[in-house]
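Close look at the chain arrangement
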Amino acid sequence: MQCTEQKINLLDFDRRGMESFFEGLGAKAFNGRNVLKWIHKHGVTDFDAMTDLSKPLRGQLKAIAEVRVPEIVFEQPALDGTHKWVLELDCNNRIESVFIPEPNRSTLCISSQVGCALDCSFCSTAQQGFNRNLTAAEIIGQVWVAERELGKSLTNVVLMGMGEPLANFDPVVTATNIMQDDLAYMLSKYRVTISTSGIVPALKQLKALSEVSLAVSLHAPTNELRDQLVPINRKYPLEELIPACRDYLRGDKRRKVTWEYVMLDGVNDSDKQAKQLIRLLEGTPSKVNLIPFNPFPGTGYRCSPPERIDAFRQRLVKAGIVTTTRKTRGEDIDAACGQLVGRVKDQSRRELKHSGGVVR
């Protein structure tokens, strides 16, 4: 895809936005609802196939609008059923989406930015720097593409891919609205999850506008260590983050915050740190997800040994905290978030260089 002026992409609109768009054309709001259903529930992108629209309206749409989805430029299936796509956007920007099948659910992990600006020291995506935010169309487009490729509906969507979702607030909220809409993907608020490193003001704003589930990239039980691993903690320390997360849950007894905790050998995996984590989460409905670190080129970290991870988990479980260890999936593919897109980009540069092309 090139950096060219394009038509209005209808993937950018949730139900309210679609109704407003059609009213702006002089049409009735119900036409917007019908188009939303055609695009997301039926996967139709050709306006001529939307037979409940009048011919003049279809002609009007073709002149000014389109349904433009991300383009798959590379895909990598794993032996365990995990499937990773590299998707190309405009201006040669690329992102990743990952499908993770399980016996009772099918989860898609999607990106919210091209790269990431938060510079977490253990993250492969952070090493690539930040390019730009995704549009709502580019976020929901990952869901649209995955369902078409898989030929089935997803049960869960998590915004845990490339980028910090709450640093791209409005497009992320629009996209999650579409995911939950009965005219689109019909996902419950418990099956759409936003993962954040802890941008507290945006988290408070999210509570007022959305009911999606919350995951937090915690990775350390103290400010001193988290400042090193997750630099945004210097701006929004644990004394602000934990109460904001607790407040996000208020009014819904079914909810828990999922705390993501990557296990780094000799860094955050000691018995003492397990005790500190237990004290930190006291009084907050919580689920801890221990994540074995997936090394990537150039990292100085190693994954905690399995026995250390298990001992850490057992301490949390004995304290009454629901704790799971994330299964290592896609071991035969580039599983670290951002790792595959980086390798595809490097390969593309080599190919262009060898062919005499110019990389922008």
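The notes below deal with the structure included here. What you see is a predicted model, and the numbers here were worked out from it, not measured in a lab.

Some thoughts on unusual backbone geometry
For M186, which is not a glycine, the phi torsion comes out positive at approximately 60°. Along the chain, M186 turns up in the loop between α5 (169–180) and β10 (192–196). At H219, a position not held by glycine, the phi torsion is positive, near 70°. Considering the arrangement of structural elements, one finds H219 in the loop between β11 (213–217) and α7 (223–229). Look at H219 and you get buried, because its relative accessible area is 5%.

Quick word on the sheet that holds β11
Strand order in the open sheet formed by 10 strands is β3-β4-β5-β6-β9-β10-β11-β12-β13-β14, and the pairing between neighbours is mixed. Looking along the sheet, the strands with just one partner apiece sit at the ends: β3 (71–77) and β14 (322–325). Here the average twist between neighbouring strands, direction ignored, is 20°. With four bridges joining them, β10 and β11 adopt parallel strand pairing. Within the sheet, the bridge partner assigned to S195 lies in β11 and is A215.

Observations concerning the environment of S106
Structurally, S106 is set in strand β6 (residues 105–109). Considered as a pair, S106 and S153 are 47 residues apart in the sequence and their alpha carbons are 8.2 Å apart. Filtering out sequence-adjacent residues up to four positions away, S106 remains in contact with F99, I100, K152, S153, L154, T155 and N156.

Looking at the nonpolar core
Within the largest apolar cluster, 97 residues are counted, with the highest numbers of intra-cluster contacts made by L10, I39, V143, M179 and W259. Beyond its immediate sequence surroundings of up to four residues, W259 is in contact with V216, L218, I242, C245, L281, T284, S286, K287, V288 and N289.

What counts, and where the lines are drawn
- Residues numbered from 1 in each chain as written.
- Predicted model: local features only at pLDDT ≥ 70, side-chain atom pairs only at ≥ 80, totals over all residues.
- Heavy atoms only, no water.
- Helix = DSSP H or I, 4+ residues; strand = E, 2+ residues; numbered from the N terminus.
- Buried < 20%, exposed > 50% of the residue type's maximum accessible area, 1.4 Å probe, protein only.
- Pairing = 2+ DSSP bridges.
- Axes fitted to C-alpha atoms, helices over the stretch in contact; angles between N-to-C directions.
- Contact = heavy atoms within 4.5 Å.
- Core = buried A, V, L, I, M, F, W, Y, C linked by side-chain atoms within 4.5 Å.

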